[in-house]
Amino acid sequence: MLRKLLIGTALATTFAFSAHAEDVKEVQMLHWWTSGGEAAALNVLKGDLAKEGYAWKDVPVAGGGGDAAMTALKAMVAAGNYPTASQMLGYTVLDYAAAGVMGDLTETAKKEGWDKSVPAALQKFSVYDGKWVAAPVNVHSVNWLWINKAVMDKIGGAEPKTFDDFVALLDKAKAAGVIPLALGGQNWQEATMFDSVVLSTGGPEFYKKAFNDLDDESLKSDTMKKSFDNLAKLVTYVDPNFSGRDWNLATAMVIKGDALVQVMGDWAKGEFNAAKKTPGTDFLCYRFPGTEGSVIYNSDMFGMFNVPDDRKAAQVALATATLSKSFQSAFNVVKGSVPARTDVPDTDFDACGKKGIADLKAANEGGTLFGSLAQGYGAPPAVANAYKDVVSKFVHGQIKTSDEAVTELVKAIDDAK
């Protein structure tokens, strides 16, 4: 059963919307943001809406990849019990829009100028049939290294520029008795790391052809085989207790200095923020070796459902607050991501955040902004799930060789198309 928690008290509204006495002054939000950093980021939005007089009804479903939350959402929608909004990833938004259950935020979007400030890559997933159906919250990128600086200094390490450099750095950590690579043995985490490995191994054009275009020749190529070989090499640096570990616990290993590095999306920085750690002093953020100049992205979106008329004012308030410049800055500073609007200044962001904003701008302009297959932006969910399953089986030894992994990947993706 879903855990439901009522948070906030309805206050006198100051929202510039002609609210009616019968309007429901509550926002019901389904999400999977349950780690410390994620919860702190979500509190920014709760506080903004409380100022507008809206109570917050939380429907949190733990699980960093969001699979459990999407199962819960499917049950709610099937029962006709639509939330005001749900945290969602790209193709899932489009699936629900195609099913005819999403609301229409177009009037609000026009008023707020979303079409001019939200990158086209995000509009592809937040606009359906000409109507805005979701509010993008952020842009995450997954091709990052998060490194404990004290451990790095102890082993005399330097920023790895190539995959071979990275392996040499992990060897130094291993020799010093530190766990080299913190990883959670869950399929979405393993596949998220593999996204970066494939981009590093094959380069930008290869990544796009394989994981965005689903080009058959690329998927069954020697380059993909080499990518699996490189993944296998990285797994040798993981501690034996990694299976089933949540992503934020892997991040905590780096924060505490029990491990040198984690390969993870920039939501990991939210955990460093929550632990009061400072980039350059306590931790280091580098692009995954061999991927500098490219960004593998995903974006959390608040999919807005076709709620009854008495709940629409609350939904408009949520959408407006979500894409306000002030919220986009304050939320993403805490969350570790960068704004979903391109007109938000980087003033309040730390060094990693400023790099993230600059990298996104450059990748967007240079054609090297790619959807993460592991995170629901490279291909539809059935393909992404097939991909995660094959990668995880390879990591856990159920698929023994890179040759077999390539064969299984091609078959799984073909079957899922």
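Residues numbered from 1 in each chain as written. Predicted model: local features only at pLDDT ≥ 70, side-chain atom pairs only at ≥ 80, totals over all residues. Heavy atoms only, no water.

Draft legend 1. Examining helix α16 (residues 325–335) more closely. Taken as a whole, α16 has its buried residues at Phe327, Gln328, Ser329, Phe331, Asn332 and Lys335. The inward-facing, buried residues of α16 abut α1 (36–51), β7 (134–136), β8 (140–141), α14 (268–274) and α15 (312–322). With its phi angle positive at about 100°, Gly336 sits one or two positions after the end of α16. (Buried < 20%, exposed > 50% of the residue type's maximum accessible area, 1.4 Å probe, protein only. Helix = DSSP H or I, 4+ residues; strand = E, 2+ residues; numbered from the N terminus. Contact = heavy atoms within 4.5 Å.)

Draft legend 2. Looking closely at the environment of Asp216. As for its placement among the helices and strands, Asp216 is situated in helix α11 (residues 216–219). Residue Asp216 is classed as partly exposed on the basis of its relative accessible area of 28%. Taking the C-alpha atoms as reference, Asp216 lies 7.2 Å from Val410; in sequence the two are 194 residues apart. The contacts of Asp216, once residues within four sequence positions are left out, are Val410 and Asp414.

Draft legend 3. Examining the sheet that holds strand β13 (residues 295–298) more closely. Reading across from one edge, β8-β13-β15 is the order of the three strands in this open sheet, with mixed pairing throughout. The open sheet has two edge strands with one neighbour each: β8 and β15 (369–371). By the bridge criterion, three bridges tie β13 to β15 in an arrangement that is parallel. Within β15, the position partnered with Tyr297 by the bridge is Gly371. (Pairing = 2+ DSSP bridges.)

Draft legend 4. Spotlight on the pattern of salt bridges. Summed over all chains, the structure comprises 22 salt bridges. Put simply, Asp216 and Lys220 hold a salt bridge, and the shortest N to O gap is 3.2 Å. The exposure class of Lys220 is partly exposed, given its relative accessible area of 42%. Two residues, Lys355 and Glu292, come together in a salt bridge whose shortest N-O distance is 2.9 Å. Here Glu292 lies in the loop between β12 (283–287) and β13 and Lys355 lies in helix α17 (residues 351–366), a separation of 63 residues in the sequence. Here the salt bridges do not stand alone but share partners, grouping Arg287, Glu292, Lys355 and Asp359 into one network. (Salt bridge = Lys/Arg side-chain N within 4 Å of Asp/Glu carboxyl O.)

Draft legend 5. Main features of the nonpolar core. Phe194, Phe211, Met224 and Phe228 are the most contacted members of the largest nonpolar core, which totals 78 residues. When residues of this core are assigned to their parent elements, the largest contribution, eight residues, is made by helix α18 (residues 381–395). Look past the residues within four positions of Met224 in its chain and what remains in contact with it is Phe194, Val198, Phe206, Ala210, Phe211, Ser218, Leu219, Val406 and Leu409. Among the nonpolar cores identified, the runner-up in size contains 68 residues, and Trp114, Val137, Met304 and Tyr377 belong to it. (Core = buried A, V, L, I, M, F, W, Y, C linked by side-chain atoms within 4.5 Å.)

Draft legend 6. Spotlight on the confidence of the model for the chain. Per-residue pLDDT for the chain averages 92, and the proportion of residues at 70 or more is 95%. For the stretch residues 1–21, pLDDT sits under 50, and the model shows 39 contacts to residues farther than four places along the chain or on other chains. (pLDDT = per-residue confidence, 0-100.)

Draft legend 7. Seen up close, the state of the cysteines. Applying the stated criterion to the full structure yields one disulfide. In this model, Cys285 is linked to Cys352 through a disulfide, with the two sulfur atoms separated by 2.1 Å. The S-S bond linking Cys285 to Cys352 shows a torsion near -105°; that makes this disulfide left-handed. With Cys285 in strand β12 and Cys352 in helix α17, this pair connects stretches of sequence that are 67 residues apart. A residue is classified by how much of its surface remains accessible, and Cys285, at 14% relative accessible area, is buried. (Disulfide = S-S within 2.5 Å.)

Draft legend 8. Molecular detail of the packing of helix α9 (residues 187–202) against α18. One can describe the packing of α9 onto α18 by two numbers: an axis separation of 8 Å at closest approach and a directional angle of 95°. If you check the angle between α9 and α18, you find them roughly perpendicular. Residue-level contacts link Asn187, Trp188, Glu190, Ala191, Phe194 and Asp195 of α9 to Tyr387, Lys388, Val391, Ser392 and Val395 of α18. Looking at the contact of α9 with α18 residue by residue, the class counts come to six nonpolar, two polar and three charged. (Axes fitted to C-alpha atoms, helices over the stretch in contact; angles between N-to-C directions. Parallel < 35°, antiparallel > 145°, perpendicular 65-115°, else oblique. Nonpolar A, V, L, I, M, F, W, Y, C, P; charged D, E, K, R; others polar.)

Draft legend 9. Summary view of the environment of Leu409. Here Leu409 shows up in helix α19 (residues 402–416). The exposure class of Leu409 is buried, given its relative accessible area of 0%. Residues Leu409 and Ala268, spaced 141 residues apart in sequence, show a C-alpha to C-alpha distance of 28 Å. If we skip the residues at most four places from it in the chain, Leu409 touches Leu219, Met224, Phe228, Tyr387 and Val390.

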